[in-house]
Amino acid sequence: MFNQDIPSGQLLYIMLYGGAAMAALIAFVYLLLRRGNAFAPDVTPPLAMRRWAAAFFAVACLGHFWWLLLYFRSNDINSVGGMVVSLLDCVGLLTTIAGTLFAMLQDRKRPVWPVVVAILPYAVLLALNLAFPDRRFYDIAIACILLFYVLFIIYMVFAVRQYRRWLRDNYADLEHKEVRQSYMLIVVVSLLLILFYMFDTRYMAISFIVQAIEIPFFGFLLWRVETLQQLDGTPVEATEEAPAEQEDDDASPSDAPSGIGQLLELHCEGTQLYLQHDLSLSQLSQAIGTNHYYLSQYFTQQGLTYNAYINGLRIRHFVNLYNEAVANQRSFTAQQLASESGFRSYSTFSAAFKQRMGQTVTAWMRGQGQ
């Protein structure tokens, strides 16, 4: 992977290579041993995600060691040692990063074994290349990994969209839960790093790119893992059937939510339960005395998502607080009123306000004469 004679001009590369290995090791030890959260003390990330991420950092650190050992022994990627290192790196990195990414999406459990099965052709082709040396086996193996890469990206796009819909159907406060942008960045960068490693046999420019990307990528992944909140409860998915104990041969799911509107008015709107931070669909269903499946069905019939319903009540509360403050000539800020209306973050409030009112908070307040 490296040249036998390292000139002084390549000192920067050596520093980058060692720095990336050290960054992965530090991240692994941190996730494995530290119980608290140094990035966001009030956030409890999913345990499965922390474990998968720790495994990924461990494999990344070992990968640097494996390639370094190969360099000192033969520096021939086409040797038996080179093929074994390539196989260990590819299988280990793809499996652990897939496990980390799947654990970030908390709408359902996604097994990792299909990823391992999808990588098996690569391993078989490398074994054939060792037993019957033929460049075509290696080229086909690379093509298989490229195909896996494309299919994995497509799957992730749909999985993240599905997760986003699930969030909006079950949670009102989406800060630290909406992972679309950072998730896709992690998918693209992590798999590109693996591809870079696979083609990184002779060109020092690619080596520099890989090491330069790795260090900030490791830091970003660690931050994402530690700032993603563990979601309490497991809301029923849209495809789940109604509970057996409440089924009726003469009733359909569309008949079940009758009376839920009055329950919401009494136990949610009347008690201002919507002001509670991180109020989930499951918690609301328990508070009003119904099943979360039927409550979800009710919102579907109304053409609403749970997120839109709760944030609609909060925005109405914000407007009332604003009018009272203006009438009483009391000083206030939009951030203060948003917090008193149940929004944990001002960014979430601003997005919800603009979506519902059709204009920004500043423009609306200006129109009110503030």
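Conventions adopted
- Residues numbered from 1 in each chain as written.
- Predicted model: local features only at pLDDT ≥ 70, side-chain atom pairs only at ≥ 80, totals over all residues.
- Heavy atoms only, no water.
- Buried < 20%, exposed > 50% of the residue type's maximum accessible area, 1.4 Å probe, protein only.
- Helix = DSSP H or I, 4+ residues; strand = E, 2+ residues; numbered from the N terminus.
- Contact = heavy atoms within 4.5 Å.
- Polar contact = N/O pair within 3.5 Å; in protein donor to acceptor, adjacent residues only side chain to side chain.
- Patch = residues over 30% accessible without salt bridge, like charges linked within 9 Å, V, L, I, M, F, W, Y side chains within 5 Å.
- Areas by Shrake-Rupley, 256 points an atom, 1.4 Å probe, with all protein chains shown as cover.
- Salt bridge = Lys/Arg side-chain N within 4 Å of Asp/Glu carboxyl O.
- Phe/Tyr/Trp six-rings, centres within 6.5 Å; stacked < 30°, edge-to-face > 60°.
- Lys NZ or Arg CZ within 6 Å of the ring centre and 35° of its normal.
- Axes fitted to C-alpha atoms, helices over the stretch in contact; angles between N-to-C directions.
- Parallel < 35°, antiparallel > 145°, perpendicular 65-115°, else oblique.
- Nonpolar A, V, L, I, M, F, W, Y, C, P; charged D, E, K, R; others polar.
- Core = buried A, V, L, I, M, F, W, Y, C linked by side-chain atoms within 4.5 Å.

Q: Help me out: how do you make sense of helix H10 (residues 292-301) in this one?
A: Residues separated by three or four positions in an α-helix point in the same direction, a consequence of the helix having 3.6 residues per turn. Among all positions in H10, only Tyr293, Tyr294, Leu295, Gln297, Tyr298 and Phe299 are buried. Summarising the contacts, the buried residues of H10 are in contact with helix H8 (260-269), helix H9 (281-288) and helix H11 (306-327). Where H10 starts, the residue carrying a side-chain oxygen 2.6 Å from the main-chain nitrogen of Tyr293 turns out to be Asn291. Once H10 finishes, Gly303 follows within two positions and takes phi at roughly 75°, a positive value.

Q: In this structure, what is going on with a nonpolar patch on the surface? I would like to understand it.
A: A surface patch of nonpolar side chains, amounting to about 570 Å² of accessible area, comprises Met22, Leu25, Ile26, Val29, Leu32 and Leu33. Looking at the element boundaries, Ile26 is found in helix H1 (residues 11-33).

Q: Is there a simple way to explain the packing of aromatic side chains in this structure?
A: Between two aromatic rings, the relevant description is the distance of the centres plus the angle of the planes. Tallied over the full model, the rule gives 25 aromatic pairs. When the ring centre of Phe343 is taken as reference, the NZ or CZ atom of Arg314 above it lies at 5.6 Å.

Q: I would appreciate a short explanation of the packing of H8 against H9 in the present structure.
A: A packed helix pair is summarised by two numbers, namely the angle formed by the two axes and the spacing between the axes. Between H8 and H9, whose axes approach to 9 Å, the crossing angle comes to 90°. Between H8 and H9, the crossing angle belongs to the class labelled roughly perpendicular. In this structure, H8 uses Ile260, Leu263, Leu264, His267 and Cys268 to contact H9, whose residues at the interface are Leu284, Ala287 and Ile288. When its residues are assigned to classes, the contact of H8 with H9 shows 7 nonpolar, 1 polar and no charged.

Q: Just checking my understanding: could you explain the side chain of Lys177 for this structure?
A: Positionally, Lys177 belongs in the loop between helix H5 (135-170) and helix H6 (180-199). Looking at Lys177, its side chain comes within polar contact range of the side chain of Asp278, at 3.0 Å.

Q: Would you mind going over the nonpolar core with me for this structure?
A: The tendency in soluble globular proteins is for nonpolar side chains to be buried side by side. Ranked by size, the top nonpolar core spans 62 residues in total, and within it Phe57, Met104, Phe152, Tyr183 and Leu221 carry the most contacts. Mapped onto this core, the elements with two or more residues apiece are H1, helix H2 (47-73), helix H3 (80-104), helix H4 (113-131), H5, H6 and helix H7 (204-227). Counting residues per element, this core draws most heavily on H5, at 14 residues. The contact partners of Met104, leaving out residues within four places of it in the chain, are Met49, Tyr163, Tyr183, Ile186, Leu221, Arg224, Val225 and Leu228. Core analysis: the second largest hydrophobic core is formed by 19 residues, Tyr274, Leu279, Leu295 and Phe299 among them.

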